[in-house]
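# Survey of secondary and tertiary structure
Residue-level listing of the chains:
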Amino acid sequence: MASVHESLYFNPMMTNGVVHANVFGIKDWVTPYKIAVLVLLNEMGRTGEGAVSLMERRRLNQLLLPLLQGPDITLSKLYKLIEESCPQLANSVQIRIKLMAEGELKDMEQFFDDLSDSFSGTEPEVHKTSVVGLFLRHMILAYSKLSFSQVFKLYTALQQYFQNGEKKTVEDADMELASREEGERKMEKEELDVSIREEEVSCSGPLSQKQAEFFLSQQASLLKNDETKALTPASLQKELNNLLKFNPDFAEAHYLSYLNNLRVQDVFSSTHSLLHYFDRLILTGAESKSNGEEGYGRSLRYAALNLAALHCRFGHYQQAELALQEAIRIAQESNDHVCLQHCLSWLYVLGQKRSDSYVLLEHSVKKAVHFGLPYLASLGIQSLVQQRAFAGKTANKLMDALKDSDLLHWKHSLSELIDISIAQKTAIWRLYGRSTMALQQAQMLLSMNSLESVNAGVQQNNTESFAVALCHLAELHAEQGCFAAASEVLKHLKERFPPNSQHAQLWMLCDQKIQFDRAMNDGKYHLADSLVTGITALNSIEGVYRKAVVLQAQNQMSEAHKLLQKLLIHCQKIRNTEMVISVLLSVAELYWRSSSPTIALPVLLQALALSKEYRLQYLASETVLNLAFAQLILGIPEQALSLLHMAIEPILADGAVLDKGRAMFLVAKCQVASAASYDPLKKAEALEAAIENLNEAKNYFAKVDCKEQIRDVVYFQARLYHTLGKTQERNRCAMLFRQLHQELPSHGVPLINHL
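Residues numbered from 1 in each chain as written. Predicted model: local features only at pLDDT ≥ 70, side-chain atom pairs only at ≥ 80, totals over all residues. Heavy atoms only, no water.

## A look at the overall build of the protein chain
- On a plain count of helices and strands, the protein chain comes out with 35 helices and zero strands.
- Of the accessible surface of the protein chain, which amounts to about 36,500 Å², a share of 54% is contributed by carbon and sulfur atoms. (Helix = DSSP H or I, 4+ residues; strand = E, 2+ residues; numbered from the N terminus. Areas by Shrake-Rupley, 256 points an atom, 1.4 Å probe, with all protein chains shown as cover.)

## Re helix H20 (residues 415–431)
- With 17 residues, H20 extends 24 Å from end C-alpha to end C-alpha; this agrees with the ideal 24 Å at 1.5 Å per step.
- Of all 17 residues that make up H20, 16 are buried, and the element is covered over most of its length. (Expected span 1.5 Å × (residues − 1). Buried < 20%, exposed > 50% of the residue type's maximum accessible area, 1.4 Å probe, protein only.)

## Examining the pattern of salt bridges
- In this structure the tally under the stated criterion is 21 salt bridges.
- Residues arginine 301 and aspartate 336 are paired through a salt bridge, measuring 2.7 Å at the closest nitrogen-oxygen approach. Linking arginine 301 in helix H14 (residues 294–313) with aspartate 336 in the loop between helix H15 (317–334) and helix H16 (337–350), this pair joins segments that are 35 residues apart in sequence.
- By relative accessible area, arginine 301 is classed as buried at 2%.
- On the basis of relative accessible area, aspartate 336 is assigned to the buried category, the value being 12%.
- Notably, a salt bridge pairs glutamate 479 with arginine 430, separated by 2.8 Å at the nearest N-O pair. With glutamate 479 in helix H22 (residues 464–479) and arginine 430 in helix H20, this pair connects stretches of sequence that are 49 residues apart. (Salt bridge = Lys/Arg side-chain N within 4 Å of Asp/Glu carboxyl O.)

## Some points on the confidence of the model for the protein chain
- Per-residue confidence for the protein chain gives a mean pLDDT of 81; residues scoring 70 or more make up 84%.
- Across the protein chain, the element-wise mean pLDDT spans from 41 in helix H8 (residues 180–202) up to 94 in helix H26 (residues 540–553).
- In the model, residues 183–204 has pLDDT below 50 throughout and makes 24 contacts with residues more than four positions away in sequence or in other chains.
- Under a pLDDT of 50 for its full length, residues 286–293 has, in the predicted model, 11 contacts with residues more than four places off or in other chains. (pLDDT = per-residue confidence, 0-100. Contact = heavy atoms within 4.5 Å.)

## Re the side chain of threonine 271
- Along the polypeptide, threonine 271 turns up in helix H12 (residues 267–284).
- With near-sequence residues (within four places) excluded, threonine 271 lies in contact with Leu307 and Leu310.

## Concerning unusual backbone geometry
- Positive phi is not limited to glycine here, since asparagine 335 has a value of about 60 degrees.
- One can find asparagine 335 in the loop between H15 and H16.
- Even without being a glycine, arginine 575 presents a positive backbone phi close to 60 degrees.
- If you trace the backbone, arginine 575 turns up in the loop between helix H27 (557–573) and helix H28 (577–593).

## Looking at the environment of phenylalanine 716
- Here phenylalanine 716 lies in helix H34 (residues 707–724).
- When the C-alpha atoms of phenylalanine 716 and phenylalanine 665 are compared, they prove to be 9.6 Å apart, with 51 residues separating the residues in sequence.

## Concerning helix H33 (residues 680–703)
- Here H33 is 24 residues long and its end C-alpha atoms lie 35 Å apart, about the 34 Å a rise of 1.5 Å per residue gives.
- Residues of H33 that are buried make contact with helix H31 (637–654), helix H32 (657–674) and H34.
- Looking at the residues trailing H33, positive phi occurs at aspartate 705, about 55 degrees.

## Observations regarding the packing of aromatic side chains
- Tallying each qualifying case throughout the model produces eight aromatic pairs.
- With a centroid separation of 6.0 Å and an interplanar angle of 65 degrees, the aromatic rings of phenylalanine 665 and phenylalanine 716 are classed as edge-to-face. Taken as a pair, phenylalanine 665 in helix H32 and phenylalanine 716 in helix H34 lie far apart in primary sequence, 51 residues in all. Comparing phenylalanine 665 with phenylalanine 716 shows no difference in burial state: the two are buried.
- An aromatic cluster is present here, built from Tyr255, Tyr258, Tyr277 and Phe278 joined pairwise through their rings.
- Positioned over the ring face of tyrosine 678 is lysine 682, at 4.8 Å from the centre of the ring. (Phe/Tyr/Trp six-rings, centres within 6.5 Å; stacked < 30°, edge-to-face > 60°. Lys NZ or Arg CZ within 6 Å of the ring centre and 35° of its normal.)

## What about the packing of helix H19 (residues 395–412) against H20?
- At their nearest, the axes of H19 and H20 sit 10 Å apart, and the two run at 170 degrees to each other. Considered as vectors, H19 and H20 are oriented roughly antiparallel to each other. Counted together, Ala395, Leu398, Met399, Leu402, Ser405, Asp406, His409 and Trp410 of H19 and Leu417, Ile418, Ser421, Gln424, Lys425, Ile428 and Trp429 of H20 form the full contact between these two elements.
- Its residues placed into classes, the contact of H19 with H20 shows nine nonpolar, four polar and two charged. (Axes fitted to C-alpha atoms, helices over the stretch in contact; angles between N-to-C directions. Parallel < 35°, antiparallel > 145°, perpendicular 65-115°, else oblique. Nonpolar A, V, L, I, M, F, W, Y, C, P; charged D, E, K, R; others polar.)

## Here we look at the side chain of glutamate 475
- Along the polypeptide, glutamate 475 turns up in helix H22.
- For glutamate 475, the contacting residues outside a window of four places in its chain are Arg430, Cys510, Lys513 and Ile514.

## Some details on the environment of phenylalanine 466
- Following the sequence through the fold, phenylalanine 466 ends up in helix H22.
- Residue classification places phenylalanine 466 among the buried residues on the basis of a relative accessible area of 8%.
- For the pair formed by phenylalanine 466 and histidine 503, sequence separation is 37 residues and the distance between their alpha carbons is 9.8 Å.

## As for the packing of helix H23 (residues 483–496) against helix H24 (residues 504–521)
- Between H23 and H24, whose axes approach to 10 Å, the crossing angle comes to 155 degrees. It follows that H23 is roughly antiparallel to H24 by the angle criterion. Considering the relative orientation of H23 and H24, their crossing is left-handed. Contacts between H23 and H24 involve Phe483, Leu490, Leu493 and Lys494 from the first element and Trp507, Cys510, Asp511, Ile514 and Arg518 from the second.
- Classifying every residue of the contact of H23 with H24 by side-chain character gives six nonpolar, no polar and three charged. (Left-handed = near helix turned anticlockwise from the far one by under 90°.)

## Describing the environment of alanine 442
- With respect to the helices, strands and loops of the structure, alanine 442 is situated in helix H21 (residues 435–446).
- A C-alpha to C-alpha distance of 9.1 Å links alanine 442 and alanine 427, two positions 15 residues apart in sequence.
- For alanine 442, the residues in contact, after removing those within four places along its chain, are Thr426, Ala469 and Leu473.

Here is the structure:
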């Protein structure tokens, strides 16, 4: 279950998706790219309404804003963008720029002189206060301030800009003529490579204030909502370093650098950038100007709070606690209740393993409601629900609490928390063993659209909640034997969350666990053992447990027992009840595989008590199955059958396919063992019923390609057919058994105890 406090990071750059640049000394100036945009605007004004269709004009209007706000791009790329919107206008722009670049300097001067005519007349083409009007006025003013030498350098740059664009256009045309289909693929790759190189060249100079603000706001929004569409960590850091080279005191660039370093888990660089951000914020006096003397203290306390969050994220809990104490001290001196509420939430995160942490959390929720902080209040409720789910509270009470928090989300349009709530419900239903309900909640989250208006067509579907829901979906499909569907989900996850993204570890662990289960089902223990290393790197507890399972399957009982005992002590210490029960079940299995079923019974009863106490229905059903098997080995199949009737319904309703097969196989064994004392006619009927159950078990095992279990089933069927005198069916099962027995290693323990 994912932590719901991942969003508790103070983000001063994001206020309704807008970055606030407090200090930036560089103003707008004229560049060859901006001259090309001015030519486009001029041509749009000169072209009559009849010459350009309504749809083309609409596409051009949508294109203008990113062209005006974004960084400079190459001429060839600009032509391509205009051509996609209006091919006719693209041709006119190309001719106009060519005449200007191949003409004389006076042509460029005349062009700027004619720009002011756009504002003249009773019905001007452009209004002075519009976005386009302000851009035109800024460019005219910037051009008029240039000296003659600067004008000449600008014209030389325009000629070079035009020549580079023409060269690129010719190269593209030659490639297209050479081979159309193959050339298209190559051209896409080359265009991508060239665009990156050329953008690096175009951004090698200082950006203007508006370009820098737009770049930072766009990248910050993408990092929050759709990381795959943001620049790669290396490219973004290069652009930020270039930005800071011209203005080292640009505080927001340091903060974006901090967010970027968090993506790659670089603790040193992220700490360095975070401290630089708050240093620059204090040095520039931006906070003090807006908030008086209070601004200085505000920066200090939020610096300490963010530092605590950073250390907590990397597992440095002692340093996080020290930084949090500093933030609390400064916030108390300033009487900042909002900051104190954030500190209280992080205090719970640091101390959530303590038994009395729920008191702190309840206090945090009440205070957040009192001070009108719905975001913090909702996060507190989510954490409280998560804690009480692990404490074994009933599902109806938890869902009522989540319903109340959902009302808060919808009231305040907190779409991110709506996603977290649904992901939380998915995890809770899986924890309680209700796979159908978990599947429904996961699909509900995937079908939802974001409520936030995110720029650049970004949908808020690349968040941690989305990744958690998809991982649950992949695991649920794999449990039902739908490995192709699970692979498709994982493929989709890999596309949405590349390996360098911050939530990639979720699908990596999910993928490794599914591969491990498939290898174990197929009897390929060497392959499963090789996957343990990857699982341990992502989740140490899960890795140790899987290692013990492999050792047990390889009949290395003493090594597996030592590992399980160490893991049991550790999980009891950290109160990981779900893993404690799983370890107890493995220990019990180890005992009866070592021909000591009587020792396994107390262990199984302990596991059953824990699963009942914490309302883990599915684990309770698995424990009852193991108890029934222990009773079968001890020679009391009638009691084993009565136990099975209690546990089999939840397993058949919500269980994994492999567990369904094991349950039906055990039912058949118990039926055969019970029939030993029956009269011949009744015994034959019991054996026929057992064969039907074995066929059902075999179908379940075939879905997950569990050859070892299929081998045991067909062996058992062959014995039953032999007892019933059905020679043809016996020979068919015997042949299947022989084929599988040659493929697989023999089992260390005889599974057939009674006939």
